[in-house]
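# Residue-level structural notes
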Amino acid sequence: MDFRRLPLRRSKAALNRLPFWLLLGLLAVSLALVVTQPALMQHELQRAQTDSVQRLGAYKTSLLATIDRHLYLPGVLASDPRIVEALDGLQGPPQGGRSAGSDLLRDLNQKAESDEIFLMDARGVTHFSSNYDSQTSFVGKNYGFRPYFRDAMAGKPGFYFAVGATSGVPGLFLSAPVQSSAGTTLGVIVIKIDLGKLEQSWAASGDSVWVTDENGIVFLASNSRWHYFSLHPISEALRSELSDTRQYGQDPVPLLRRQVWLRLPRNLPQRRKLVLRP
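Definitions and cut-offs
Residues numbered from 1 in each chain as written. Predicted model: local features only at pLDDT ≥ 70, side-chain atom pairs only at ≥ 80, totals over all residues. Heavy atoms only, no water. Helix = DSSP H or I, 4+ residues; strand = E, 2+ residues; numbered from the N terminus. Contact = heavy atoms within 4.5 Å. Core = buried A, V, L, I, M, F, W, Y, C linked by side-chain atoms within 4.5 Å. Buried < 20%, exposed > 50% of the residue type's maximum accessible area, 1.4 Å probe, protein only. Pairing = 2+ DSSP bridges. 1 Å grid on protein atoms, 1.4 Å probe; cavity = no way out; pocket = protein on both sides within 12 Å on 5 of 7 lines; lining within 4 Å. Points joined across faces, edges and corners; volume = space filled by probe spheres on them. Nonpolar A, V, L, I, M, F, W, Y, C, P; charged D, E, K, R; others polar. Salt bridge = Lys/Arg side-chain N within 4 Å of Asp/Glu carboxyl O. pLDDT = per-residue confidence, 0-100.

## Here we look at the side chain of Thr126
- If you trace the backbone, Thr126 turns up in strand 2 (residues 126-129).
- Thr126 has contacts with Pro94, Phe118, Leu119, Met120, Phe138, Val139, Gly140, Lys141 and Tyr143, leaving out every residue within four places of it along the chain.

See below:
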């Protein structure tokens, strides 16, 4: 006797003894699982996508709220008679150390809870700064190469994220032109905002969050390893501009490698999930 065939025969015999309606029910359940599994998977993926969009909206709101708190400030300070007088009464090159102008900016900076406030003449040289007594004081430094200075001198509000050329601390720079009563542009007032606490809150959430500029370069992220990587190859013209403005420091901006590790159904709006690898 071939004992190896006994389990198979017993299984067939057990199936033969099952009622027809039960066999039919098992077949129907099996077919239903086969048919509905893609639909269930798609439903779960769409639900996950909806949840991600909602969380993304919350992160966007927190970022805009942080910026909006200070967005008005450069324009208000630019029209402050004390700021106008400080530039209109300049005599000679900037003097290091304590001054009435720098004391004023320090007081305003503390009240506004911004990172730094500094005041430049029409050449881009900083004469007064809230950090006048620190080792990374902006007083005497020329930031005429920064777009936020050039925009303000052209009469436009400046809005520029960059790594600090002196401090090395990244931040959002908001600027406005300071004009005399005759309409002459005397210089530029700049408010720097530190977005580090916002990034820390993103990291604490456990989500992977990043923000890119118009060129696809990551400048805010829940993971600091992604800072100043580009999602796309950088042209030579952009590379030269970044070198001139030192927007993201003096090192070249490398490409962030992307690896597709999961392909989703074709009918979903977002078919691929990416793992970012610096």
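## Focus on the nonpolar core
- Leu119 and Ile189 are the most contacted members of the largest nonpolar core, which has 41 residues in total.
- Excluding its chain neighbours within four sequence positions, the residues that come into contact with Leu119 are Ile83, Ala86, Leu87, Leu105, Val125, Thr126, His127, Phe128, Val178, Val188 and Ile189.
- Among the nonpolar cores identified, the runner-up in size contains twelve residues, and Phe149, Tyr160, Ala162 and Val190 belong to it.

## Things to note about the pairing of strand 7 (residues 218-221)
- Two strands pair when backbone bridges link them, and strand 6 (residues 210-212) and strand 7 are joined in this way by three bridges, in the antiparallel orientation. Pairing of Val211 across the sheet is with Leu220, part of strand 7.
- Once strand 6 ends, the chain turns through five residues before running back antiparallel as strand 7, passing Gly216 with a positive phi of about 80°.

## Details of the layout of surface pockets
- Approximately 280 Å³ is the volume found for the second largest pocket.
- Considering the residues around the second largest pocket, the lining is formed by 17 residues, among which Tyr160, Phe161, Asp213, Glu214 and Gln247 are closest to the centre.
- With three residues, the top contributor of residues to the lining of the second largest pocket is strand 3 (residues 158-163).
- For the lining of the second largest pocket, the per-class residue count stands at twelve nonpolar, two polar and three charged.

## Some words on the pattern of salt bridges
- As enumerated under the stated definition, the model contains eight salt bridges in all.
- Lys192 is the partner of Asp115 in a salt bridge, and the nearest nitrogen-oxygen pair spans 3.9 Å. Of this pair, Asp115 sits in the loop between helix 5 (100-112) and strand 1 (116-121) while Lys192 sits in strand 5 (residues 185-193); the two residues are 77 residues apart in sequence, bridging distant segments of the chain.
- The class for Asp115 is partly exposed, based on a relative accessible area of 23%.
- Accessibility expressed as a relative area gives 1% for Lys192, which makes it buried.

## Structural notes on empty space enclosed by the protein
- Across all of its chains, the model carries one cavity of 30 Å³ or more by this definition.
- Considered as a void within the structure, the largest cavity measures approximately 50 Å³ in volume.
- Around the largest cavity, the lining residues are Phe138, Tyr143, Arg146, Tyr148, Gly164, Ala165, Thr166, Ser167 and Phe173.

## Examining the confidence of the model for the chain
- Per-residue pLDDT for the chain has a mean of 82; in total, 73% of the residues score no lower than 70.
- Low confidence marks residues 259-265, where pLDDT is under 50. Its contacts with residues over four positions away, or in another chain, come to 20 contacts.
- With pLDDT under 50 throughout, residues 267-278 is counted as low confidence; its partners more than four residues away or in other chains account for 40 contacts.

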